[in-house]
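Topology and contacts: notes
Listed below are the residues making up each chain.
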Amino acid sequence: MGASNFTDDTLAGGCAAYRDAVEDLKARHGFDFVSIGLTAFIGAPLKWVYSAGATGERHRRIVLAPGHGIGGITIKSGKPMMFVDIDEEIDPREYSSYPIVFAEDLRSFCALPLKKDGRVVAVLLCAYRSVSDRHEESYRRLIEDLDGRLLDFDVMSDDFMDFESIAAEKRADSATNPIFVRSELSRVIAAQEDERKRISRELHDGVAQELLSISFLFNQMAGHLDDVGTGLLGQARNTVDRILDELHNISVELRPSALDHLGFLPALRSQAAVFEKTYGAEIVFEGSLSCDRFDQALETQAYRICQEAILNACKYADTERVFVTLEDADGWLHVSVVDHGRGFNTANPEIKGSGCGLYGMQERANLIGARLTTSSGPGGTTVTLVAPMHVVEGKEASR
């Protein structure tokens, strides 16, 4: 499955084993509501896919980004959480932060992170619509009954979060991943892209064409020169050819025509070929995408983010290969750029070049409601982008 946590069929609710598991837990332990929430990729939102005891379909429309809602907080922290009396333990003004509480009228719940291959990829939620002193005991029996396993998942049931740690998780996430996108920034970046496109066209249709005209004149001069003149003409031709190559590279970096005409992946491959020729590192593409074209906003911003990540790896990682993995599932695009070279301190990166690369990448991710993470160390650097495939640039990210 590559970077995908689950198959498309499982994400769509087609796994009979998961459906049977929630029904069995509800029947054996007497819960009012049981659900398993899944994530398509690490960093992608969680959706409550398999449920027993639901009052309708509202809960299926809940999309929880990491750090938001019961499922999102549990996924992000990797720790279980339990409330035996929501009205007593949570300020009612906070209810909107937990949409499943509204959707299913829950009053008591236990949420357990589910791991697969060492990664938290799902959440088990067991809940009651009433309050009772016996509920905590029921949750403890559930944990004992599961004994660390639920089907193909490892169940995490130690180190429960308290209310203060949950609030801290939410504050930290809100500080680093703002929900609202700044419309002014959107306009600035959109203007930059328009200007890049204009300059790229002028270089190709103006300057490059003039240089080609000079090349034609050189061809006409060839029969009218002596040996010395022929040698000088050859040097002039080589100089013009180098300038044309450089203009082509600049034009591609500014705004590749492939991005407008062919889409995200062909444009990224074209840019990678330029980087390979320029810096000598091999750029290896892995995985596949289910469609050729995406929304223009997604194509533009994802391309720019990946362009910057690959360029940084080629210039600074001191590595022979850079790996680019692309997949999509459940309406989300997942791209990772990985090198196994010299890492850096992500908390306090050394300023190189303009010093705006990492900041600019994050700003572009915010514009399309995407999640961008960068991890680095002695073993190399990984940049991961998880983005909704249907986005409107500059709008509020879907939650």
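Note that this is a predicted model, so its numbers are computed, not measured.

1. A few points about the overall build of the protein chain
- Within the protein chain, the regular secondary structure consists of 13 helices and 13 strands.
- A burial count over the protein chain gives 48% of its 399 residues as buried.
- Within the protein chain, contacts between residues at least 6 apart in sequence are counted, and of these 69% link residues at least 24 apart.
- Of the roughly 19,600 Å² of accessible surface on the protein chain, 50% is carried by carbon and sulfur atoms.

2. Some points on the side chain of T319
- Mapped onto the secondary structure, T319 falls in the loop between α12 (296-316) and β10 (321-329).
- Of note is the side chain of T319, whose polar atom sits 3.2 Å from the backbone oxygen of R321.

3. Considering the pattern of salt bridges
- For the coordinates displayed, the defined rule picks out 14 salt bridges.
- Linking E57 and R60 is a salt bridge whose minimum nitrogen-to-oxygen distance equals 2.9 Å.
- Taking relative accessible area as the criterion, R60 reaches 38% and is therefore assigned partly exposed.
- For E282, the salt bridge identified is with R321, shortest N-O distance 3.0 Å. On the criterion of sequence distance, the pair formed by E282 in strand β9 (residues 282-287) and R321 in strand β10 is long-range, its members being 39 residues apart.

4. Quick notes on helix α11 (residues 264-279)
- The end-to-end C-alpha distance of α11 is 22 Å, a good match for the 22 Å that 16 residues give at a rise of 1.5 Å each.
- Within the span of α11, buried status applies to F264, A267, L268, Q271, A272, V274 and F275. Each buried residue of α11 sits inside an arc of 160° when the element is viewed along its axis, so together they form one side.
- A positive phi of about 85° marks G280, the residue just after α11.

5. Points about the nonpolar core
- Core analysis: the largest hydrophobic core is formed by 37 residues, its most contacted members being F264, I283, V324 and L333.
- Secondary structure elements with two or more residues in this core: α11, β9, α12, β10, β11 (332-339), α13 (357-367) and β13 (380-388).
- It is α12 that provides the largest number of residues to this core, a total of 11 residues.
- Excluding residues within four positions of it along the chain, F264 makes contact with L259, L289, F294, E299, A302, Y303, C306, L326, L333 and V335.
- In this structure, I36, L124, F153 and V155 belong to the second largest nonpolar core, which totals 36 residues.

6. What to know about the packing of α12 against α13
- For the pair α12 and α13, the least separation of the axes is 9 Å and the interaxial angle reads 160°. In terms of orientation, α12 lies roughly antiparallel with respect to α13. Read as a crossing pair, α12 and α13 show a hand that is left-handed. Touching Q301, R304, I305, E308, A309 and N312 of α12 are G357, M361, R364, A365 and L367, all from α13.
- Tallied by class, the residues present in the contact of α12 with α13 amount to five nonpolar, three polar and three charged.

7. Considering the packing of aromatic side chains
- If you walk through the whole model with that rule in mind, you get nine aromatic pairs.
- Between the aromatic rings of F6 and F153, the centroid separation amounts to 6.1 Å while the plane-to-plane angle is 65°, which identifies the pairing as edge-to-face. Remark: F153 occurs in strand β8 (residues 153-155) and F6 occurs in the segment before α1 (8-11); sequence separation between them is 147 residues. The residues F6 and F153 share a single accessibility class, namely buried.
- Seen from their ring centres, F83 and F109 are 5.4 Å apart, and the 90° between their planes marks the pair as edge-to-face.

8. Comments concerning the environment of A329
- Here A329 shows up in strand β10.
- Sequence separation between A329 and S4 is 325 residues, and the spatial gap between their C-alpha atoms is 7.3 Å.
- Beyond its immediate stretch of four places on either side in the chain, A329 contacts S4, D8, L11, A40 and F41.

9. A look at unusual backbone geometry
- Residue D159 is not a glycine yet carries a positive backbone phi of 60°.
- Relative to the helices and strands, D159 is located in the loop between β8 and α7 (163-176).
- A positive phi is found at D318, a non-glycine position, where the angle reads about 55°.
- Note on placement: D318 falls in the loop between α12 and β10.

10. Here's the deal with the pairing of β9
- Bridge count between β9 and β10: six bridges; the pairing is parallel. By the bridge assignment for β10, E282 is matched with R321.
- One crossover worth recording links β9 to the parallel β10 by way of α12, and it is left-handed.

11. Describing the side chain of T325
- Along the chain, the position of T325 falls in strand β10.
- Only 3.3 Å separates the side chain of T325 from the side chain of E286, close enough to count as a polar contact.
- Ignoring sequence-local partners within four residues, the contact set of T325 consists of E286, H334, V335 and S336.

12. Considering the state of the cysteines
- With the rule as written, the count across this model stands at zero disulfides.
- Cysteine C110 remains unbridged, with the sulfur of C126 as its closest cysteine sulfur at 6.6 Å.
- The class for C110 is buried, based on a relative accessible area of 0%.

About the criteria used
- Residues numbered from 1 in each chain as written.
- Predicted model: local features only at pLDDT ≥ 70, side-chain atom pairs only at ≥ 80, totals over all residues.
- Heavy atoms only, no water.
- Helix = DSSP H or I, 4+ residues; strand = E, 2+ residues; numbered from the N terminus.
- Buried < 20%, exposed > 50% of the residue type's maximum accessible area, 1.4 Å probe, protein only.
- Contact = heavy atoms within 4.5 Å.
- Areas by Shrake-Rupley, 256 points an atom, 1.4 Å probe, with all protein chains shown as cover.
- Polar contact = N/O pair within 3.5 Å; in protein donor to acceptor, adjacent residues only side chain to side chain.
- Salt bridge = Lys/Arg side-chain N within 4 Å of Asp/Glu carboxyl O.
- Expected span 1.5 Å × (residues − 1).
- Arc of directions from axis to C-beta.
- Core = buried A, V, L, I, M, F, W, Y, C linked by side-chain atoms within 4.5 Å.
- Axes fitted to C-alpha atoms, helices over the stretch in contact; angles between N-to-C directions.
- Parallel < 35°, antiparallel > 145°, perpendicular 65-115°, else oblique.
- Left-handed = near helix turned anticlockwise from the far one by under 90°.
- Nonpolar A, V, L, I, M, F, W, Y, C, P; charged D, E, K, R; others polar.
- Phe/Tyr/Trp six-rings, centres within 6.5 Å; stacked < 30°, edge-to-face > 60°.
- Pairing = 2+ DSSP bridges.
- Right-handed = clockwise from strand over helix to strand, strands pointing away.
- Disulfide = S-S within 2.5 Å.

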